[in-house]
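Residue-level structural notes
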Number of protein chains: 2
Amino acid sequence: MISRVMAVDLRAHVGRRVRVAGWVHRRRELKSVTFLVVRDRTGVAQVVTSGSGMPEETVIEVCGDVVASTQAPGGSEITSPEITVLSAPTAAPPFDLYRPALSATLPTILDNAAVALRHPRLRAQFEIAAASVAGFRSTLDSLGFTETHTPKIVASATESGANVFGIDYFGQRAYLAQSPQFYKQAMVGVFERVYEVGPVFRAEPHDTARHLAQYTSLDAELGFISSHFDVMAVLRSAVAGMLAAAAARTQALATLEVTVPQVPSEIPWIHFADAQRLLGVEDEPDLAPEHERRLSAWALAEHGSEFLFVTGYPMVKRPFYTHPDPARPAYSNSFDLLFRGLELVTGGQRLHTHSAYLEALAARGLPAEAYASYLDVFKYGMPPHGGFALGLERWTSRLLGVANIRQTTLFPRDLHRLNP
Amino acid sequence: MISRVMAVDLRAHVGRRVRVAGWVHRRRELKSVTFLVVRDRTGVAQVVTSGSGMPEETVIEVCGDVVASTQAPGGSEITSPEITVLSAPTAAPPFDLYRPALSATLPTILDNAAVALRHPRLRAQFEIAAASVAGFRSTLDSLGFTETHTPKIVASATESGANVFGIDYFGQRAYLAQSPQFYKQAMVGVFERVYEVGPVFRAEPHDTARHLAQYTSLDAELGFISSHFDVMAVLRSAVAGMLAAAAARTQALATLEVTVPQVPSEIPWIHFADAQRLLGVEDEPDLAPEHERRLSAWALAEHGSEFLFVTGYPMVKRPFYTHPDPARPAYSNSFDLLFRGLELVTGGQRLHTHSAYLEALAARGLPAEAYASYLDVFKYGMPPHGGFALGLERWTSRLLGVANIRQTTLFPRDLHRLNP
């Protein structure tokens, strides 16, 4: 059998007989001729045939001659086809996949995700997501990081008491991990530099466009740092690697009509206190969404950067494991990375001595016993370290300008959705 | 500050002043001189100093002169050191990390995993695991696969009714996914070729050396196949990529005293019925462990291969979504990959038409309603497809000759273990 040619490569085979395979994306039956547009994972190929075509989403294999055609998509089409039906649909999708945009409500799209995702625009979003993750990994691999796989079933809800899913673990009470935070810190003691790409779980009672019950967290942690600025430098590299990998997906980006932004060789940063001064705000321990938008606008105007680090958030707004700024202990050695007006990544330096943890927990009235298994590792010598976490679905939605994070999740889980 | 040199690169810096950082792996105090062996993520560096050293696992930074030394590990050592303590331990580990092998019981090692994993041999195992996964991904990326991230919280226990963890999902009953099987099949309709590396969960009541409640599954699925032999060809490439990436970790392999096996350009295969004939077994629907060992021995003797495919397992022993052999419908288009006497991977061709699924469920007395959300996608045209799943911890344990799968899991979860 002739080996299969992908739709995107068809033009290079003009004058030859080839085999293509895919789904009937669209059929157009004219008086004397029928056009079948065949969709595969790379694009579409037009087949010129006679007689009636098959319904949309029929899976077919076509052997035929490739001829140049200025009218066909991609500049070539297939004539004299022999068509084999590999699989016939038994129902029509609840929307037309061949239209430029999927015309259906979000619940309809999500209820029918498995078929909705066949739309080239939706497929392209997840190609960009996959490329971004590949860029994240290859960048960190090149920087000496080791990938880890840590437990998603944990004995105690350590990150915060609320928003945790309970699970019956062989008769014991257990929880779904809200983050790999403690494991990645512990693994700094082994590999010095670690990352993990995996699911995290939040029993999130908020029904908003940016909350999910499960999302994909890109976590990194590194030891032997001087301060959070070393973590920010690694994050800058990771983001640059993610953007470069996404930018290489030219076809997906063209489908989405999106251009990947540039990241400066050094992302500008502003201290939280200076940011408040700039904004004319006082005595607030956090930034409001409007403040983040204004700071992003400032970074773009002042530094020509769509990215901005805000550093030194007040300790009161950061988790107990956050390292304070030695010079100004009310502020922390932490940061947020803003992108186009929104927070994209959170990170910082962590405490690294056993006594510092005991003090931090006591100061917040948290019981050290509940954290015993976590604290143990700090008895055995841990270097100064820090890290960051980035939500993949959030990344993709902001990069591609998608409003609702559910649209950048293959099969989202939220307060109301457990299917498909 | 001088930039940091890793222990493995020290020899290349003879004659220069450098900075190294890491943990005191061992101190040896002689009459007139003290040797500190400093461990970092790449190896160890010997520091020659005077006075008393610090306790093992102290985190230190050392600036000093690199001099050639035939007695020192790696052929060089650091003299005239200025040592800074970055972090002092408050307790001694419950075992000596500097001994060639960790001398402690498995429960002690697992209870103290965060510090036990610092042992160079244990660290090396997980470097091989990480390299294997990177090789898996890069191979499949090069073959046009797309990486997916699918839900781990699902509405029904679809793979099998038993061995599933229940979860309270906002007041609804839900389950932890036992595999991404149905999602990866559905995504063949979108990307044609997909893979996922992620946690899967089994409420495994067996307390054995090869069962875990959570493990890392390397899943792949591809469309437009002719039979399971197309899946086996992709699996062979994936295994070759994993082995090549592992083989490139020369230092970790040297630490472990392990050689990576060769995979033949085509892995030999034998049909289940022929395997039984060869073994002198009759009318058993499955292979016993002893049979797998004998078949592996046969493949090594006959074909010089440590890998062997057994194809065509009886339909009665395979899941309902398995595609039968069109020529002999009591046998399936499925396979196991045996490696060194043990099953390493399971895979096969799946059913791809809606009617075939309805028939298969009916024949097994399974209710179609429970599978409604899964079955829907087969209404809309799915190509012939198949795939496989490989457990990372099992892969690493067999590749490295580790007896218990818990030793190739950073923080294992089983019937009795939910900590650390």
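Because the structure is predicted, anything quoted here is derived from the model rather than measured. (Residues numbered from 1 in each chain as written. Chains lettered and ligands numbered in written order. Predicted model: local features only at pLDDT ≥ 70, side-chain atom pairs only at ≥ 80, totals over all residues. Heavy atoms only, no water.)

1. With respect to the sheet that holds strand β15 (residues 342-350) of chain B
Residue and element names in this part refer to chain B. Strand order in the open sheet made by the 8 strands is β6-β10-β11-β16-β15-β14-β13-β12, with mixed pairing throughout. Edge strands, defined here as strands with exactly one partner in the open sheet, are β6 (146-147) and β12 (269-271). Across 6 bridges, the pairing between β15 and strand β16 (residues 385-391) is antiparallel. Along β16, the bridge assignment pairs G348 with G387. (Pairing = 2+ DSSP bridges. Helix = DSSP H or I, 4+ residues; strand = E, 2+ residues; numbered from the N terminus.)

2. Concerning the sheet that holds strand β5 (residues 76-87) of chain A
All names here are of chain A. On the basis of which strands lie adjacent, the closed barrel formed by 5 strands has the order β1-β2-β3-β5-β4 and mixed pairing. For this sheet, the mean inter-axis angle between neighbouring strands, taken without regard to orientation, is 50°. Relative to strand β4 (residues 59-68), strand β1 (residues 17-29) runs antiparallel, the two sharing 7 bridges. Residue pairing across strands places R17 opposite D65, the latter belonging to β4. (Axes fitted to C-alpha atoms, helices over the stretch in contact; angles between N-to-C directions.)

3. A few points about the UniProt feature "binding site: L-aspartate" (unreviewed entry) in chain A
All names here are of chain A. Under the UniProt annotation, "binding site: L-aspartate" (unreviewed entry) lies at E159, R202, T346 and R350. Looking at where T346 falls in the secondary structure, it is placed in strand β15 (residues 342-350). Of the polar contacts made by the side chain of T346, one reaches the side chain of D336; its length is 3.1 Å. Mapped onto the fold, R350 is located in strand β15. Exposure remark for R350: the relative accessible area of 6% places this residue in the buried category. Excluding anything up to four places from it in sequence, R350 contacts Q181, K184, Q185, E221, Y321, H323, Y357, H385, G386, G387 and F388. There is a polar contact of 2.8 Å between the side chain of R350 and the side chain of E221. (UniProt positions renumbered as here; feature names shortened; annotations may be inferred. Polar contact = N/O pair within 3.5 Å; in protein donor to acceptor, adjacent residues only side chain to side chain. Buried < 20%, exposed > 50% of the residue type's maximum accessible area, 1.4 Å probe, protein only. Contact = heavy atoms within 4.5 Å.)

4. What about the relation of the copies chain B and chain A?
With an RMSD of 0.0 Å, the operation that places chain B on chain A is a rotation of 180° combined with a shift of 0.0 Å along the axis. The transformation relating the two chain copies, once decomposed into turn and shift, fits a two-fold axis. When C-alpha positions in chain B are compared against the rotation axis, the closest is assigned to I167(B), at 2.4 Å. (Least-squares fit on C-alpha atoms with pLDDT ≥ 70 in both.)

5. Considerations on the packing of helix α7 (residues 272-279) of chain A against helix α8 (residues 289-303) of chain A
Each pair of packed helices can be summarised by the angle the axes make with each other and by the distance between the axes. All names here are of chain A. Two elements in contact, α7 and α8, have axes whose closest approach is 11 Å; the angle formed by their N-to-C orientations is 90°. Here α7 is positioned roughly perpendicular relative to α8, judged by the angle of their axes. Contact with α7, carried on its side by A275, L278 and L279, involves H291, R294, L295 and W298 of α8 and no other residues of that element. Considering only residue class, the contact of α7 with α8 consists of 5 nonpolar, 1 polar and 1 charged. (Parallel < 35°, antiparallel > 145°, perpendicular 65-115°, else oblique. Nonpolar A, V, L, I, M, F, W, Y, C, P; charged D, E, K, R; others polar.)

6. Section: the packing of aromatic side chains
A full pass over the atoms with the stated rule returns 40 aromatic pairs over all chains. The interplanar angle of 75° and the centroid separation of 6.2 Å between the aromatic rings of F320(A) and Y374(A) together place this pair among those described as edge-to-face. Of this pair, F320(A) sits in the loop between β13 (307-311) and β14 (334-339) while Y374(A) is found in helix α10 (residues 372-375), placing the two residues 54 residues apart along the sequence. Neither F320(A) nor Y374(A) differs from the other in exposure class; each is buried. Site record: aromatic cluster; members linked through ring pairs are F182(A), F320(A), Y321(A), Y357(A), Y371(A), Y374(A) and F378(A). Its end group placed over the ring of F224(B), R4(A) keeps NZ or CZ at 4.4 Å from the ring centre. (Phe/Tyr/Trp six-rings, centres within 6.5 Å; stacked < 30°, edge-to-face > 60°. Lys NZ or Arg CZ within 6 Å of the ring centre and 35° of its normal.)

7. As for a negative patch on the surface
Residue and element names in this part refer to chain A. Judged by side-chain charge, E282, D283, E284 and D286 come together as a negatively charged surface patch. Structurally, the position occupied by D283 is in the loop between α7 and α8. Exposure remark for D283: the relative accessible area of 73% places this residue in the exposed category. (Patch = residues over 30% accessible without salt bridge, like charges linked within 9 Å, V, L, I, M, F, W, Y side chains within 5 Å. Areas by Shrake-Rupley, 256 points an atom, 1.4 Å probe, with all protein chains shown as cover. Salt bridge = Lys/Arg side-chain N within 4 Å of Asp/Glu carboxyl O. Lys, Arg positive; Asp, Glu negative; His and termini not counted. Charge placed at Lys NZ, Arg CZ, Asp CG, Glu CD.)

8. Considerations on the environment of S305(A)
Residues and elements named next belong to chain A. By the secondary structure assignment, S305 is in the loop between α8 and β13. We classify S305 as buried; its relative accessible area is 1%. Residues in contact with S305, not counting those within four places in the same chain, are P264, P268, S296, A299 and L300.

9. Here's the deal with the pattern of salt bridges
Here the structure, examined in full by the defined rule, presents 56 salt bridges over all chains. A salt bridge links E196(B) to K152(B), with the shortest nitrogen-to-oxygen separation between them at 2.7 Å. Here K152(B) lies in the loop between β6 and β7 (153-154) and E196(B) lies in strand β10 (residues 193-201), a separation of 44 residues in the sequence. By the burial criterion, E196(B) is buried, and K152(B) matches it. Its salt-bridge partner being R394(B), residue E343(B) comes within 3.3 Å of it at the nearest N-O pair. Taken as a pair, E343(B) in strand β15 and R394(B) in helix α11 (residues 392-400) lie far apart in primary sequence, 51 residues in all. Here the residues in one salt-bridge network are R137(A), E147(A), R137(B) and E147(B), joined through shared partners.

10. Section: the interface of chain B and chain A
Each partner contributes residues to the interface: chain B has 90 residues there, and chain A has 90 residues. Summing both partners gives a buried area of about 7400 Å² for chain B against chain A, and 63% of it is carried by carbon and sulfur. Interface area lost by chain B to chain A is led by F170(B), Y380(B) and L418(B), which between them contribute 11%. The residue E192(B) makes a salt bridge to R41(A) at a minimum N-O spacing of 3.1 Å. At the junction of chain B with chain A, the criterion picks out 36 residue pairs in polar contact (both at pLDDT 80 or more). Looking at which element gives the most residues to the side of chain B that touches chain A, the answer is helix α4 (residues 181-191) of chain B, with 7 residues. (Buried area = accessible area lost by both parts, 1.4 Å probe.)

11. Details of the side chain of S87(A)
Tracing the sequence through the fold places S87(A) in strand β5. Judged by its relative accessible area of 4%, S87(A) is buried. For S87(A), the side chain forms a polar contact with the main-chain oxygen of M382(B), separated by 2.9 Å. Every residue in contact with S87(A), bar those within four places of it in the chain, is listed here: T58(A), V59(A), H352(B), T353(B), G381(B) and M382(B).

12. Focus: the domain arrangement of chain A
All names here are of chain A. When its domains are assigned, chain A resolves into domain 1 (7-87) and domain 2 (114-408). For domain 1 and domain 2, the distance between their C-alpha centroids amounts to 45 Å. Taken together, the contact between domain 1 and domain 2 spans 9 residues of the former and 5 residues of the latter. Between domain 1 and domain 2, the buried area comes to about 500 Å², and carbon and sulfur atoms account for 41% of it. Scanning the region where domain 1 abuts domain 2 turns up 1 salt bridge. Taking the shortest distance from any N to any O, the salt bridge between R118 and E57 comes out at 2.9 Å. Our count for the contact surface shared by domain 1 and domain 2 stands at 4 residue pairs in polar contact (both at pLDDT 80 or more). When residues of the side of domain 1 that touches domain 2 are traced back to their parent elements, those giving at least two are β1 and β2 (34-40). Among the residues making up the side of domain 1 that touches domain 2, the classes are represented as 2 nonpolar, 3 polar and 4 charged. (Domains from an automatic or database assignment.)

13. Observations regarding the nonpolar core
Soluble globular proteins tend to bury their nonpolar side chains together. Core analysis: the biggest nonpolar cluster contains 44 residues, and F136(A), F307(A), F388(A) and W395(A) have the highest contact counts within it. Per-element accounting of this core gives the leading share, 10 residues, to helix α5 (residues 228-247) of chain A. Counting 43 residues, the second largest nonpolar core, distinct from the first, contains A238(B), L243(B), L344(B) and L390(B). (Core = buried A, V, L, I, M, F, W, Y, C linked by side-chain atoms within 4.5 Å.)

14. Some details on the packing of helix α3 (residues 120-142) of chain A against helix α11 (residues 392-400) of chain A
Residues and elements named next belong to chain A. At a minimum axis distance of 10 Å, the contact between α3 and α11 shows a crossing angle of 120°. Put simply, α3 runs oblique to α11. Between α3 and α11 the crossing geometry is right-handed. Along its contact with α3, which presents Q125, I128, A129, S132 and V133, the element α11 presents L392, W395, T396, L399 and L400. Class assignment of the residues belonging to the contact of α3 with α11 gives a composition of 7 nonpolar, 3 polar and no charged. (Left-handed = near helix turned anticlockwise from the far one by under 90°.)

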